[in-house]
Amino acid sequence: MGSFPTADFDLNPQLPEIAFIGRSNVGKSALINATLQRKSLARISKSPGKTRTCNIYRVDGRYYLVDLPGYGFARVSKKERAAFRKVLEQYLTNRRALAAVVWLLDIRHDPSQDDLAIGQILADTDLPVLVAVTKSDKVRRGEIQSRVQAILEWIGMVEDQCLITSSEKKQGIEDLRESIESFLVTPSRT
Ligand SMILES: Nc1nc2c(ncn2[C@@H]2O[C@H](COP(=O)(O)OP(=O)(O)OP(=O)(O)O)[C@@H](O)[C@H]2O)c(=O)[nH]1
Ligand SMILES: [Mg+2]
């Protein structure tokens, strides 16, 4: 495990990377923790904007999970926001070891301008993308499907590219692990 301020970190050994990206506070660190089945491994924030560096977790000596800084948090300066976005864009565009991206979107919110900008960057890369709709425990059961459909429509993606998750209730975690495994079978850039 390591922590890096920029996205051009060197990892040894070189292994496929699965990046978790999404707005600040969307639940990236919590979902990584749930996926790793270990508490307080990735830092979870009480106040959003906590993950300011790229935090890397090596899993079973086979691959890395990369916890990237959240984008679009309104209370940091415009300059800082732009810097975060740049780190993300460079990483997504240039990172050779990047096997796939898990893109997190909060079930309660329509995608933001920042989300849509990231969606465009992702569309411009040839990366496999899995959408993880997060915090499904925050809406009533009967609302889950319509919220997910609305979000998918916003970002122009379909249901089989999407998982419904709750780190709190451990929902969708096993499916997420399986998806990650499937991404490792056919690395996209290496
Ligand atoms: N109810 C509920 N709360 C969640 C869930 N996942 C995360 N949270 C809460 O949402 C807040 C943000 O979670 P983080 O995992 O720190 O979010 P992050 O995306 O890593 O945020 P940054 O590091 O700021 O980019 C914390 O208070 C978490 O406890 C979930 O599935 N359900
Ligand atoms: Mg975080």
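Below is a short write-up of the structure.

Points about the overall build of the chain
Next, step 1: Scanning the chain for helices and strands turns up five helices and seven strands.
Next, step 2: The linear arrangement of helices and strands in the chain, starting from the amino end, is β-β-α-β-β-α-β-α-β-α-β-α.
Next, step 3: Per-residue burial for the chain yields a buried fraction of 52% across its 190 residues.
Next, step 4: A separation threshold of at least 6 residues defines the contact pool for the chain, and within that pool the share at least 24 residues apart is 75%.
Next, step 5: Of the roughly 10000 Å² that the chain leaves accessible, carbon and sulfur atoms contribute 47%.

Observations concerning the packing of helix H1 (residues 28–36) against helix H5 (residues 173–185)
Next, step 1: H5 packs onto H1 with a crossing angle of 85° between their chain directions and a minimal axis gap of 9 Å. Looking at the two axes, H1 sits roughly perpendicular to H5. For the pair H1 and H5, the contacting residues are Leu 31, Ala 34 and Thr 35 in the first and Ile 173, Leu 176, Arg 177 and Ile 180 in the second.
Next, step 2: Here the residues of the contact of H1 with H5 are counted per class, giving five nonpolar, one polar and one charged.

Regarding the side chain of Asp 114
Next, step 1: Mapped onto the elements, Asp 114 comes out in helix H3 (residues 113–124).
Next, step 2: A residue is classified by how much of its surface remains accessible, and Asp 114, at 14% relative accessible area, is buried.
Next, step 3: In this structure Asp 114 touches Tyr 71, Gly 72, Arg 81 and Arg 85, once residues within four positions along its chain are discounted.

Notes on the side chain of Ser 136
Next, step 1: Examined against the element boundaries, Ser 136 turns out to sit in the loop between strand S6 (129–134) and helix H4 (141–155).
Next, step 2: Residue contacts for Ser 136: discarding those within four places in its chain leaves Ile 107, Ile 144, Ile 164, Thr 165, Ser 166 and Gln 171.

Looking at the pattern of salt bridges
Side chains that differ in sign of charge can pair as their charged atoms come close.
Next, step 1: Tallied over the full model, the rule gives eight salt bridges.
Next, step 2: One salt bridge connects Glu 174 with Arg 177, and the closest N-O pair in it is separated by 2.6 Å. Of this pair, Glu 174 and Arg 177 both sit in helix H5, three residues apart, which is roughly one turn of that helix.
Next, step 3: On the accessibility criterion, Glu 174 (45% relative accessible area) is partly exposed.

Thoughts on the pairing of strand S3 (residues 54–59)
Successive side chains on a regular strand alternate, one facing one side of the sheet and the next facing the other.
Next, step 1: Counting buried positions along S3 gives five out of six residues, so the element sits mostly inside the fold.
Next, step 2: Here S3 folds back onto strand S4 (residues 63–67), and the loop between the two strands holds three residues, one of which, Asp 60, carries a positive phi near 50°.

Section: H3
Next, step 1: End to end, H3 covers 17 Å across twelve residues, agreeing with the expected 16 Å (1.5 Å per residue, within 8%).
Next, step 2: Within H3 the residues assigned to the buried category are Asp 114, Asp 115, Ile 118, Gly 119, Ile 121 and Leu 122. Projected onto a plane normal to the axis of H3, the buried residues spread over an arc of 160° and lie on a single side. Exposed residues lying more than 90 degrees from the buried face of H3 are Gln 113, Ala 123 and Asp 124.
Next, step 3: Close packing links the buried residues of H3 with strand S2 (17–22), helix H2 (78–94), strand S5 (98–106) and S6.

A closer look at the nonpolar core
The nonpolar side chains of a soluble globular protein tend to be buried, and buried together.
Next, step 1: Counting 36 residues, the largest nonpolar core has Ile 21, Leu 92, Val 101 and Trp 103 as its most contacted members.
Next, step 2: No other element matches H4, which puts five residues into this core.
Next, step 3: Apart from residues lying up to four places away in sequence, Ile 21 is in contact with Lys 28, Leu 68, Leu 88, Leu 92, Val 101, Val 102, Trp 103, Leu 104, Ile 118 and Leu 122.
Next, step 4: In terms of nonpolar packing, the next biggest core, distinct from the first, is built from 23 residues, Ile 18, Tyr 57, Ala 99 and Leu 104 among them.

Analysis parameters
- Residues numbered from 1 in each chain as written.
- Chains lettered and ligands numbered in written order.
- Predicted model: local features only at pLDDT ≥ 70, side-chain atom pairs only at ≥ 80, totals over all residues.
- Heavy atoms only, no water.
- Helix = DSSP H or I, 4+ residues; strand = E, 2+ residues; numbered from the N terminus.
- Buried < 20%, exposed > 50% of the residue type's maximum accessible area, 1.4 Å probe, protein only.
- Contact = heavy atoms within 4.5 Å.
- Areas by Shrake-Rupley, 256 points an atom, 1.4 Å probe, with all protein chains shown as cover.
- Axes fitted to C-alpha atoms, helices over the stretch in contact; angles between N-to-C directions.
- Parallel < 35°, antiparallel > 145°, perpendicular 65-115°, else oblique.
- Nonpolar A, V, L, I, M, F, W, Y, C, P; charged D, E, K, R; others polar.
- Salt bridge = Lys/Arg side-chain N within 4 Å of Asp/Glu carboxyl O.
- Pairing = 2+ DSSP bridges.
- Expected span 1.5 Å × (residues − 1).
- Arc of directions from axis to C-beta.
- Core = buried A, V, L, I, M, F, W, Y, C linked by side-chain atoms within 4.5 Å.

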